[in-house]
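Chain by chain, the residues run as shown.
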Amino acid sequence: MSRTEAPPLPEPLRVPVADSHTHLDMQDATVEEGLARAAAVNVTTVIQVGCDVAGSRWAAETAAAHANVHAAVALHPNEAPRIVHGDPDGGSRQGAREAGGTAALHEALAEIDALAALDHVRGVGETGLDCFRTGPEGMAAQEESFRAHIEIAKRHGKALVIHDREAHADVLRVLADAGAPERTVFHCYSGDADMARTCAAAGYFMSFAGNVTFKNAQPLRDALAVAPMELVLVETDAPFLTPAPYRGRPNAPYLIPVTLRAMAEVKGVDEDTLASAIADNTARAFDY
């Protein structure tokens, strides 16, 4: 089977659910094709997530054009240091960039703030901290950007969507210090069971992606097992993190049923029960 070939459509869910985090702009299909495939398996709503100013504009426009798409807008944690310090190697989709300093960061944040005011934008994210791709020299820019996004989310009453990669303690520290918005979502939850208990105590939503199905992901399954049912979401983060047995092939919202069924097994509930809870939770998290 080719690594580039799209996996087949899974058996449809009986209860409609939402993909709480996807990147339609990075997928091969058109938006209409992607939404139609998702709807065919009863994934009836998607949250389209922006990672930079251009992607956030696109997310807002796409949500305005499609009733079953809601947008989240932000500068990705790795985008903030690129804006401030430049990106000579062109590691992002914009290619090589010169350093813009904090003035350029504030300009970009002002644009995110304006987009966050739109009604069809239901979330501010993905924002947070990433110690995997950004070195120590970029962490100050990341944290300044993260704190600004927290303020934007609170000011507009939107959900905060968090990207936390190898930065658990620092993300929790900033949230506690700045004061988390009323609705906070850990996208592609990557902590252990202890952190899941901490998130649950704070009322944070935990969104699980296809990597919960990976062989080496027992700590993630342990976290899912202790996460309260009313705080659990499901996502693809497509085109990334395709669930087993299709790992490494292109991901898309229509593969949500594969991950959800694996999650139901971990939770010890039937798929309809979990799907109903996730549908309610996602609507509550993103206030739609």
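Here, every reference points to the structure presented above.
Since we're looking at a predicted model, the values are computed, not measured.

Here A65 lies in helix α2 (residues 53-65). Taking relative accessible area as the criterion, A65 reaches 58% and is therefore assigned exposed. When the C-alpha positions of A65 and H120 are compared, they lie 9.6 Å apart, and in sequence the two are 55 residues distant.

Considering the arrangement of structural elements, one finds M195 in helix α7 (residues 193-202). For the pair M195 and A169, spaced 26 residues apart in the sequence, the C-alpha separation amounts to 9.1 Å. Discounting residues that sit within four places of it in the chain, M195 has contacts with D164, H168, L172, F186 and Y189.

The next subject is the pairing of strand β4 (residues 121-130). In terms of burial, β4 is a largely internal element, 10 of the 10 residues being buried. Where strand β3 (residues 69-73) and β4 come together, 3 bridges link them in parallel fashion. Paired with A72 across the strands is G123, a residue of β4. In this structure, β4 lies alongside strand β5 (residues 159-165), joined through 6 bridges in parallel fashion. Considered in β5, the bridge of T127 is made with I162. With respect to chirality, the unit in which β4 leads through helix α5 (residues 139-156) into the neighbouring parallel β5 is right-handed.

Taken residue by residue, α7 has A193, M195, A196 and C199 as its buried positions. Viewed end-on, α7 has its buried residues packed into an arc of 150 degrees, placing them on one side of the element. Of the exposed residues in α7, those oriented more than 90 degrees away from the buried face are D194 and A201. If you check the start of α7, you find a side-chain oxygen 3.2 Å away from the backbone N of D194, and it comes from D192. Looking one or two residues past α7, G203 carries a phi angle of roughly 80 degrees, positive in sign.

Taken N-terminus to C-terminus, the directions of helix α4 (residues 101-116) and α5 make an angle of 25 degrees; their axes are 10 Å apart at the nearest point. Put simply, α4 runs roughly parallel to α5. α5 is crossed by α4, and the crossing has right-handed handedness. Between α4 and α5, the contacting residues are T102, L105, H106, L109, I112, D113 and A116 on the first element and A141, E144, S145, A148, H149, I152, R155 and H156 on the second.

Time to look at the sheet that holds β5. Reading across the sheet, the 8 strands line up as β1-β2-β3-β4-β5-β6-β7-β8 and stay open at both edges, with parallel pairing between neighbours. The sheet is open, and its two borders are formed by β1 (17-22) and β8 (232-234), each paired with just one other strand. The mean angle between the axes of side-by-side strands here comes to 30 degrees, regardless of whether they run parallel or antiparallel. As paired elements, β5 and strand β6 (residues 184-186) share 3 bridges and run parallel to each other. Counterpart to L160 in the pairing with β6 is T184. Those strands touched by helix α6 (residues 168-178) are β4, β5 and β6, and its axis lies near 150 degrees from that of β5.

Calculation rules
Residues numbered from 1 in each chain as written. Predicted model: local features only at pLDDT ≥ 70, side-chain atom pairs only at ≥ 80, totals over all residues. Heavy atoms only, no water. Helix = DSSP H or I, 4+ residues; strand = E, 2+ residues; numbered from the N terminus. Buried < 20%, exposed > 50% of the residue type's maximum accessible area, 1.4 Å probe, protein only. Contact = heavy atoms within 4.5 Å. Pairing = 2+ DSSP bridges. Right-handed = clockwise from strand over helix to strand, strands pointing away. Arc of directions from axis to C-beta. Polar contact = N/O pair within 3.5 Å; in protein donor to acceptor, adjacent residues only side chain to side chain. Axes fitted to C-alpha atoms, helices over the stretch in contact; angles between N-to-C directions. Parallel < 35°, antiparallel > 145°, perpendicular 65-115°, else oblique. Left-handed = near helix turned anticlockwise from the far one by under 90°.

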